[in-house]
Amino acid sequence: MDTEDTDGGQKPTGFAGAVYGSLLAASVVAGTVVDGTPISAGDLVIVLICTGVVFWLAHVYAMVVSDRSQPLTWQRLRTAGRHDWPVAQASFPPAIGAAFASALGLSDRAATWVALVVAVASQAAWAVAAAVTARAPARIVVLSGVVNLALGLAIIALKTLAGSH
């Protein structure tokens, strides 16, 4: 994950996008269960990747348009796109997890759980990586992982509750 900002300043840009994108992916997986029945693993892969890319595009556009100090140019959009790519990229591990689960012959329900676990684990891992890269004290590194794991577990709890009704 690149931590260099395009203007040469040090900012943990990729980590924030990866954490956000992982939380988004977990939310997408949780939201694909309708009436307790998961969508097919193939559809889940498509929904995850498409949602990640659409949110990435929306985030890039919003960031560039909201900075009125510079004119809107293709160069600024491309730079912002590279900068915020981790928002979309974070949807790939859960999508790959769902695809592998399906390829192994697991049910759509199992593939959904694999994707959700991968998304939550990725979110916690990115948060820990960001804290370590920022040279945060050990207690902050642990706290970062715990808070992000708690957010992910909240999504799992909501998915479980919604799926049981």
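Cut-offs and rules
Residues numbered from 1 in each chain as written. Predicted model: local features only at pLDDT ≥ 70, side-chain atom pairs only at ≥ 80, totals over all residues. Heavy atoms only, no water. Phe/Tyr/Trp six-rings, centres within 6.5 Å; stacked < 30°, edge-to-face > 60°. Helix = DSSP H or I, 4+ residues; strand = E, 2+ residues; numbered from the N terminus. Buried < 20%, exposed > 50% of the residue type's maximum accessible area, 1.4 Å probe, protein only. Axes fitted to C-alpha atoms, helices over the stretch in contact; angles between N-to-C directions. Parallel < 35°, antiparallel > 145°, perpendicular 65-115°, else oblique. Contact = heavy atoms within 4.5 Å. Nonpolar A, V, L, I, M, F, W, Y, C, P; charged D, E, K, R; others polar. pLDDT = per-residue confidence, 0-100. Patch = residues over 30% accessible without salt bridge, like charges linked within 9 Å, V, L, I, M, F, W, Y side chains within 5 Å. Areas by Shrake-Rupley, 256 points an atom, 1.4 Å probe, with all protein chains shown as cover. Salt bridge = Lys/Arg side-chain N within 4 Å of Asp/Glu carboxyl O.

A. Local environment of the packing of aromatic side chains. Within the structure shown, the criterion is met by 3 aromatic pairs. Seen in terms of ring centroids, Phe15 and Trp126 are 5.9 Å apart; in terms of plane orientation they differ by 55°. Their pairing is tilted. Here Phe15, found in helix α1 (residues 13-31), pairs with Trp126, found in helix α6 (residues 108-133); they are 111 residues apart in sequence, far enough to count as distant. Consider the rings of Trp85 and Phe92, whose centres lie 5.9 Å apart with planes at 65°: the pair is edge-to-face. Given the relative accessible area of 29%, Trp85 is considered partly exposed. By relative accessible area, Phe92 is classed as partly exposed at 26%. In textbook terms, an aromatic cluster arises when at least three aromatic residues are bridged by ring pairs, as seen for Trp56, Trp85 and Phe92.

B. Geometry of the packing of helix α2 (residues 41-66) against α6. With their axes 9 Å apart at the nearest point, α2 and α6 run at an angle of 30° to one another. The pairing of α2 with α6 is recorded here as roughly parallel in orientation. The residues of α6 that touch α2, namely those facing Ala41, Leu44 and Leu48, are Asp108, Ala111, Thr112 and Ala115. The residue makeup of the contact of α2 with α6, split by class, is 5 nonpolar, 1 polar and 1 charged.

C. Summary view of the confidence of the model for the protein chain. Taken over all residues, the pLDDT of the protein chain has a mean of 87, while the share at 70 or more is 90%. Confidence, expressed as mean pLDDT per element, reaches its minimum in the protein chain at helix α7 (residues 138-163) with 88 and its maximum at helix α5 (residues 92-103) with 97. Low pLDDT, under 50, characterises residues 1-12; the stretch is placed with 22 contacts to residues that sit more than four places away or in other chains.

D. Highlighting a nonpolar patch on the surface. Taken together, Ile140, Leu143, Val147 and Leu151 make up a surface patch of nonpolar side chains, about 310 Å² in accessible area. Note on Ile140: relative accessible area 32%, which makes it partly exposed.

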